[in-house]
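Each chain, written out:
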Amino acid sequence: MSIRVNPGFISELEKYGAADVQKCYHCGNCSAACPFSKEPFIIPRKSMRYLQMGMEKRLQGTLEPWLCYYCGECSEQCPRGAEPGETMMSLRRWLTSRYDFTGLSKLFYHSWKAEVLALVLLALATGIGFFLWGSSMGDINHYDGPQAFLPSSAVHIFDWSMAGVLVLLLGINALRMWWFSLGSREDLKLSFFDYLKAVYLLPLHFFTQLRYSQCESKRPWLVHLVLMLSYVTLFVLIMFFLHEMQSGPQVDWRVHIFGYLAAAGLVLAVILAIRGRLKKDLQQYRHSHASDWLFLGLLLYVALTGVVQHVFHRTGYEFSANISYILHMMGVVPMLLLEVPFGKWSHLAYRPLAIYFAGVAESALLKQNQQQITEQAGAARAA
Amino acid sequence: MEEKRIGVFVCNCGTNIAKVVDCEKVRKDAEAQPGVVVARTYKYMCSTPGQEMIANDIKEHRLNRVVVSACSPRMHEKTFRNTCRNAGLNPYLLEIANIREQCSWVHDDTQAATEKATALTRAAIRRVEHHQPLESRTADMCRDTLVLGGGIAGLTAALELAEAGYPVYLVERADHLGGNLARVDLTAPYLYSARDLLLERISRVRNNPNVQLMLRSELKELSGFVGNFQAVVETKTGNGSSQIRRLPVGNVIVATGYKEFDAGRIAYYGYGRLPNVITSFEFERMLRAGRIETKDGRTPRYVGIIHCVGSRSAEYHGYCSRVCCMTALKYVQEIKSAIPGCHVFDIYIDMHAFGKGHEDFYKKGSEVKTMFLMYKKGDHPIIRAAGKRDDCDMLIEVDEQLSGERIEIPADLVILMVGMEARPDAGEVARLVNISQDKDGWFIESHPKLDPVATTTDGVYIVGTCAAPKDIPDSVAQARAAAARILARIAKGKIEIDAIFAEVDEDRCAGCRLCNTVCPFSAVEFDESKRRSHVVAALCKACGTCVAACPSSAIKGRHFTDQQICNQIEGLLAGI
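Conventions we followed
Residues numbered from 1 in each chain as written. Chains lettered and ligands numbered in written order. Predicted model: local features only at pLDDT ≥ 70, side-chain atom pairs only at ≥ 80, totals over all residues. Helix = DSSP H or I, 4+ residues; strand = E, 2+ residues; numbered from the N terminus. Rg over C-alpha atoms; globule rule 2.2 N^0.38 Å. Buried ≥ 20, exposed ≤ 12 C-beta atoms within 10 Å, placed from the backbone. Pairing = 2+ DSSP bridges. Axes fitted to C-alpha atoms, helices over the stretch in contact; angles between N-to-C directions. Contact = placed C-beta atoms within 7 Å. Domains from an automatic or database assignment. Nonpolar A, V, L, I, M, F, W, Y, C, P; charged D, E, K, R; others polar. Core = buried A, V, L, I, M, F, W, Y, C linked by C-beta atoms within 7 Å. Arc of directions from axis to C-beta. Parallel < 35°, antiparallel > 145°, perpendicular 65-115°, else oblique. Left-handed = near helix turned anticlockwise from the far one by under 90°.

Attention shifts here to the overall build of chain A. Scanning chain A from terminus to terminus reveals 17 helices and 1 strand. Radius of gyration (C-alpha) of chain A: 23 Å, near the 21 Å computed for a compact globule of 383 residues. For the C-alpha atoms alone, the extent of chain A along its principal axes is close to 85 × 45 × 35 Å. Here chain A, with 383 residues, has 39% of them falling under the buried criterion.

Okay, here's the thing in structure tokens:
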């Protein structure tokens, strides 16, 4: 059965950042340079080929873009300036939009104006909502105590409700990712045991980003690791220790020391990433899509407003603390609602899942490749 | 009879000879042979001190014969002949014994190899005793040149000679100049217009009084030899009548070009059956008319270009036609600039982007988002009509190599990049001017690397695509190279005739004419009045075929007399 090629697809991918993939003539230098390219996952050449030929079905089932960390070695070795590293980045964006069942992801990647508009509208709704909600519960001049404007118990319920919504959205998208890459493939025979024995890969790679550390340049991995650990720490503190975090005004060092470290780590990592993208001093920082800037901008905004509201609270400016709390939430809510299921942040799930799925399918794929080679050799002999 | 004073010089060739052959032993044996007055070995006989040693010995020992046991005569016979000449000895009184290529390089048994080298040296000693001093001769030459073919190569060659001030007859079969290039729109990779390239040449040719342009004309006969050919050219004058002219010329340039492969020979591309499958030359016609469209006048949305049609295949031609890859990339540029929304598929085996500017041009083809698809040598795409629900007229199916997938490609127009092949009448031209063809019909050059425009017939040159597929820069370079060779000969003013050739003893010749037919160089002529054959020394290559064929032993090969050869054999067998 032959597959129809689609020559228009390559232009569609331009909206996701792949501006140079047409220059590739498949010398294979990129795959020779890539530390992760190994049968059955040939990175990045195989995905580049599917992209050039517009083979969307094949491409939406490929895991290879998620197995790449954009060390940029491939782009440096490319004799034609086809930017394989940036192409893989664009494919991650495209895959994100493919996994997303709502179509919002596609809309945002196609138009940064739409994304900004959605962010602003959500921010305004959050701001108004929190102001009205806070006013109904207490006094804007009180941060702590019975008259507290935004008591931690109420915010706690809000946080968990939002987490539930995000898990649901991201979960559906992740399920679609599984369906495209493994579930729908009739040629892959995978047992429950295959899924079970690879499951350790998920937490391992989520927390250590072990594969990223294997890239030649360690700096991006370190920045990324600091950012991720800081974020996870803050996430745990907010989701499980919000009461301790928010009570005051005195500083509870047992809890807050983690918060301070994480906030510092987050701000530092974001600033380093922004600096890298401005200076373009590493391959992976040379190209920036609008979605990259929005993501970093939001992170920085959320981190700084969080710090500001904390400082106001501890120094007794309770009105300002409440105002900055609303401003903080006006960043947090749109960021999480748009970025986690539909945007760049979804990679927190897709990357470890891809490593897990790749681990599940690896031996089956290798066996299949071997079989194909044997069949081809047999056919050649017969001819 | 003069006393024979022979000098023998055995070369070590560094270790090339000495590591297998005991050169000292060879020298000692030679020294003991009758007539040998001096025998020496030396590290490198061809070096300046080695040659000086030989020259000194010639003078000091009053040598009148020299044997050099060293490498092949093809390598250094000329060198040592010059050594002899400079020392006052006739260069033909030298004999080379090949103890390198035919001995040390092909053997590893030291004792046997030494015996063989000894025998070869003895054979040379016995042979050289009977060498005669010979002199090369010169003949006058005609300065006019005949150029066959008015394409870019022929035009360029004619211009080069005419502008140097020498008369040229430019013979073209068609009624116009330009050849195959006149059928082309733009040229790769710089997108110069073929028309501009040609018009400049043609107007200069037409305005040059040294060029006698003969359109609608063909060469009918060529006789004579370098410097003194007689050409018979027939010109059609209309009304079915023609005019015959006899032209004396000194040199001939063959620039008869190529013919494109007939795509109708391949069934699976549907050429002739599917209306929108066309050849590259048919597409050139569209480009020159400024309209890229399907047979029913629609603008194509998808264009497929298939490479290597008739080339690089076991069924048709095994060779690469060299220009099609870049021509296909030129189509990519021309289609994209004429129809920006059109999708172009370039279906190739290997992209041969070997020339100057070609790799950049290939990259430019990529940048306009051409979809390059690779198929395997030995395999081929299949073209079929598309179904009603498809948004295209045809589908091209192929096993794509870079993805490993069987794919189908939409197409409204398919361009077959037809290769080059020798013209059907190339055999007739080869016979007329006495040159050879290879298995594909291309004319054969004298040496594919070191002498690419000369042929085995002195004074006949091959340039452009009649010798093999090539692009415009290569054709033009060859045309100028041939012109330069001819101008160099004209500058000398005389034709030098080698001293070694066959001679007919008229008293013994019975006039059977067997030699006339066996000579591969058409060098033996028959004199009707005397009823005797004679050899045209300028044409003779001293191959010896006529000498062996003559039933009355009337033909003698100079420098290859029976006595010389018999003595050589005796020398060879003396040790056995």
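Take the sheet that holds strand 1 (residues 6-11) of chain B next. Residue and element names in this part refer to chain B. Here we have 4 strands laid out as an open sheet, ordered 2-1-3-4, and parallel in their pairing. At either end of the open sheet lies a strand with only one pairing partner, and these are strand 2 (36-42) and strand 4 (94-98). For this sheet, the mean angle separating the axes of adjacent strands, direction not counted, is 15°. Relative to strand 3 (residues 65-70), strand 1 runs parallel, the two sharing 5 bridges.

We now examine the interface of chain A and chain B. Contacts between chain A and chain B engage 16 residues on the former and 15 residues on the latter. The biggest single contributor to the side of chain A that touches chain B is helix 3 (residues 45-53) of chain A, with 4 residues. Where strand 1 (residues 3-4) of chain A lies against strand 22 (residues 405-411) of chain B, 2 bridges are found, and the strand directions are parallel. Directly across from Arg4(A), in strand 22 of chain B, lies its bridge partner Glu408(B).

Spatial strand order, 1(A)-22(B)-21(B)-20(B): 4 strands in an open sheet with mixed pairing. A strand with exactly one partner marks an edge of an open sheet, and here the two such strands are strand 1 of chain A together with strand 20 (382-385) of chain B. Note: strand 20 of chain B against strand 21 (residues 394-400) of chain B, 4 bridges, orientation antiparallel. Looking at strand 21 of chain B, one finds that Ile383(B) is bridged to Ile396(B).

What follows covers the domain arrangement of chain A. Residue and element names in this part refer to chain A. Here chain A is partitioned into domain 1 (9-99) and domain 2 (104-359). Each of domain 1 and domain 2 was reduced to a C-alpha centroid, and the two centroids are 27 Å apart. Contributions of two or more residues to the side of domain 1 that touches domain 2 are made by helix 5 (73-77) and helix 6 (84-99). In terms of residue count, helix 6 provides more of the side of domain 1 that touches domain 2 than any other element does, 7 residues in total. The residue makeup of the side of domain 1 that touches domain 2, split by class, is 11 nonpolar, 8 polar and 6 charged.

This part takes up unusual backbone geometry. Residue Pro44(A) follows Ile43(A) across a cis peptide bond; omega there is -10°. Within the fold, Pro44(A) resides in the loop between helix 2 (29-33) and helix 3. Here the amide bond leading from Ala188(B) into Pro189(B) is cis, since omega sits at -5°, within 30 degrees of zero. Inspection of the secondary structure puts Pro189(B) in the loop between strand 8 (186-187) and strand 9 (192-193). Positioned with a positive phi, Glu83(A) is a non-glycine residue whose angle comes to about 50°. Position of Glu83(A) relative to the elements: it lies in the loop between helix 5 and helix 6. The backbone phi angle of His559(B) is positive, close to 75°, even though this residue is not glycine. Looking at where His559(B) falls in the secondary structure, it is placed in the loop between strand 30 (555-557) and helix 15 (562-573).

Moving on, we come to the nonpolar core. Ranked by size, the top nonpolar core spans 135 residues in total, and within it Ile305(B), Val414(B), Ile415(B), Leu416(B) and Met417(B) carry the most contacts. With 14 residues, the top contributor of residues to this core is helix 16 (residues 318-342) of chain A. Each residue touching Leu416(B), except ones within four places of it in the same chain, is listed here: Ala263(B), Tyr269(B), Tyr271(B), Val277(B), Thr279(B), Ser280(B), Ile306(B) and Val309(B). Grouped together as the second largest cluster of nonpolar side chains are 83 residues, Leu146(B), Leu181(B), Ala194(B) and Ile472(B) included.

Turning to the domain arrangement of chain B, a few remarks are in order. Annotation of chain B at the domain level lists domain 1 (6-134), domain 2 (145-257 + 423-494), domain 3 (260-420) and domain 4 (498-558). Between domain 1 of chain B and domain 2 of chain B, the C-alpha centre-to-centre distance is 45 Å.

The next point concerns the pairing of strand 11 (residues 217-225) of chain B. All names here are of chain B. In this sheet, strand 12 (residues 228-238) lies alongside strand 11 in antiparallel orientation, the contact comprising 8 bridges. Its bridge partner lying in strand 12, Leu-222 is registered against Ala-231. The antiparallel pairing of strand 11 with strand 12 creates a hairpin that spans 2 residues between the two strands, and Gly-227 there sits at a positive phi of about 90°.

With that settled, consider helix 8 (residues 280-289) of chain B. Residues and elements named next belong to chain B. Those residues of helix 8 that fall on the buried side of the exposure criterion are Ser-280, Phe-283 and Glu-284. Angular distribution of buried residues about the axis of helix 8 spans 105°; they occupy a single face of the element. The secondary structure elements touched by the buried residues of helix 8 are strand 16 (277-279), helix 9 (324-338) and strand 23 (413-418).

A few words now on the packing of helix 9 (residues 152-183) of chain A against helix 16 of chain A. Residues and elements named next belong to chain A. Relative to each other, helix 9 and helix 16 sit at 20°, their axes nearing to 9 Å. Between helix 9 and helix 16, the angle is such that the two are roughly parallel. Pair helix 9 / helix 16 crosses with right-handed handedness. Each of Met-162, Leu-166, Leu-169, Leu-170 and Asn-173 in helix 9 lies in contact with helix 16, whose residues at this interface are Leu-336, Val-340 and Pro-341.

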